[in-house]
Amino acid sequence: FKWAMRLALRASNACSVISRSTAEDLVQYFSAPRAKLHVIPLAADPRFAPAPSEAITLARARYDLPREYCFSLQSNKPHKNLVRLVEAWERLGKNAPVLAIAGPWDSRYPEAREKAANSPIVDRIRWLGSVPEDELPALYAGAKCFVFPSLYEGFGLPVLEAMACGTPVVCSATSSMPEVAGDACVAFDPTSTQDLADAIARALDDSDLRQRLSAMGLDRAARFSWDETARRHADLYHEVIDQAS
């Protein structure tokens, strides 16, 4: 992979990257020329939007979720930081809402489920597994907040999807995520269990804050569009063609 990446960077006329954070990684780890790197961000699919109450009710019934729950979406690979998320939920105590965690499961990394199974708040954490794309908007929209504790993301698309659904977001302040979330979230240090727990508690305890985050998130998500992403890629392709001709 490292050799393929180096060869691609060396041979290409230009390289589109999905975040400034990714661009900096290519410079640091592969000595990529900055002049070749063009940051073109992703966007949420148009299906991600505030869901009607009927859709939220159906999603809660399908996944046996209470009226109040928090939502998290990612795999269980180590950089997704699920063990620390379970530990943070423990610190919130038995009065914390149910935490619904969705995403594909890799059997090589059982630590998060094992931690939850031996926790006093085992009944407050639900593992939903992989969820069909068309059911995600209602799960996002019905949540009291969306929590994304990842240690590293090239972009962090679930953060943008949650914002597009009007869901208050609590997410890591590292790698690309500040670029995506801006100030429309409660940010935390993902290496600190206490900082994560404090950020979640702040969002859960302050309804006015959640309303502001919801409105700010909708505005933030609207700044990203696939039409703009496509236009900027087309402009880059034309630029490369013109240079070569």
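The rules behind the values
- Residues numbered from 1 in each chain as written.
- Predicted model: local features only at pLDDT ≥ 70, side-chain atom pairs only at ≥ 80, totals over all residues.
- Heavy atoms only, no water.
- Helix = DSSP H or I, 4+ residues; strand = E, 2+ residues; numbered from the N terminus.
- Rg over C-alpha atoms; globule rule 2.2 N^0.38 Å.
- Buried < 20%, exposed > 50% of the residue type's maximum accessible area, 1.4 Å probe, protein only.
- Areas by Shrake-Rupley, 256 points an atom, 1.4 Å probe, with all protein chains shown as cover.
- Lys, Arg positive; Asp, Glu negative; His and termini not counted.
- Charge placed at Lys NZ, Arg CZ, Asp CG, Glu CD.
- Contact = heavy atoms within 4.5 Å.
- Axes fitted to C-alpha atoms, helices over the stretch in contact; angles between N-to-C directions.
- Parallel < 35°, antiparallel > 145°, perpendicular 65-115°, else oblique.
- Left-handed = near helix turned anticlockwise from the far one by under 90°.
- Nonpolar A, V, L, I, M, F, W, Y, C, P; charged D, E, K, R; others polar.
- Salt bridge = Lys/Arg side-chain N within 4 Å of Asp/Glu carboxyl O.

Student: I would appreciate a short explanation of the overall build of the protein chain in the present structure.
Tutor: For the protein chain, the count of helices and strands is 11 helices and eight strands. For the protein chain, the C-alpha radius of gyration of 19 Å lies close to 18 Å, the compact-globule estimate for 245 residues. Reported as C-alpha extents along the three principal axes, the dimensions of the protein chain are approximately 65 × 35 × 30 Å. The burial tally for the protein chain puts 48% of its 245 residues in the buried class. For the protein chain, the accessible area works out to roughly 12400 Å², and carbon and sulfur atoms hold 51% of it. If the 28 positive side-chain charges of the protein chain are averaged to one point and the 31 negative ones to another, these points end up 3 Å apart.

Student: Is there a simple way to explain the environment of Ile 121 in this structure?
Tutor: With respect to the secondary-structure elements, Ile 121 resides in the loop between helix H5 (111-117) and strand S5 (125-129). Through-space distance from the C-alpha of Ile 121 to that of Ala 221 is 33 Å; in sequence the pair is 100 residues apart. When neighbours within four sequence positions are excluded, Ile 121 is seen to be in contact with Val 86, Trp 89, Glu 90, Gly 93 and Lys 94.

Student: So what exactly am I meant to see when it comes to the packing of helix H7 (residues 157-164) against helix H10 (residues 207-222) here?
Tutor: Geometrically, a packed helix pair is captured by the angle between its two axes and the distance between the axes. Contact geometry of H7 with H10 gives a least axis separation of 7 Å together with a crossing angle of 120 degrees. One element, H7, and the other, H10, form an angle in the oblique class. The handedness of the crossing between H7 and H10 comes out as left-handed. Contacts from Leu 160, Met 163 and Ala 164 of H7 reach H10 at Gly 217, Leu 218, Arg 220 and Ala 221. Across the contact of H7 with H10, the residue classes tally to five nonpolar, one polar and one charged.

Student: Would you mind showing me how to read the side chain of Lys 144 here?
Tutor: Relative to the assigned elements, Lys 144 resides in the loop between helix H6 (136-142) and strand S6 (146-148). With near-sequence residues (within four places) excluded, Lys 144 lies in contact with Glu 68, Tyr 69, Cys 70, Pro 168, Leu 204 and Arg 210.

Student: What is the right way to look at the pattern of salt bridges in this model?
Tutor: Working definition: two side chains of opposite charge can pair if their charged atoms are close together. Taken as a whole and judged by the stated rule, the model has 10 salt bridges. For Arg 231, the salt bridge identified is with Glu 228, shortest N-O distance 2.7 Å. You can see Arg 231 and its partner Glu 228 sitting in helix H11 (residues 226-244), three residues apart, about one turn around the helix. Classification of Glu 228 by relative accessible area gives partly exposed; the value is 32%. Close ionic contact of Asp 235 with Arg 231 constitutes a salt bridge, the shortest N to O distance being 2.6 Å.

Student: When you look at unusual backbone geometry in this model, what are you seeing that I'm missing?
Tutor: Working note: non-glycine residues mostly have negative phi, and peptide bonds are mostly trans. At Asp 64, a position not held by glycine, the phi torsion is positive, near 55 degrees. Along the chain, Asp 64 falls in the loop between helix H3 (53-62) and strand S3 (69-73). Since its relative accessible area comes to 58%, Asp 64 is described here as exposed. For Asn 81, which is not a glycine, the phi torsion comes out positive at approximately 70 degrees. Relative to the assigned elements, Asn 81 resides in the loop between S3 and helix H4 (82-92).

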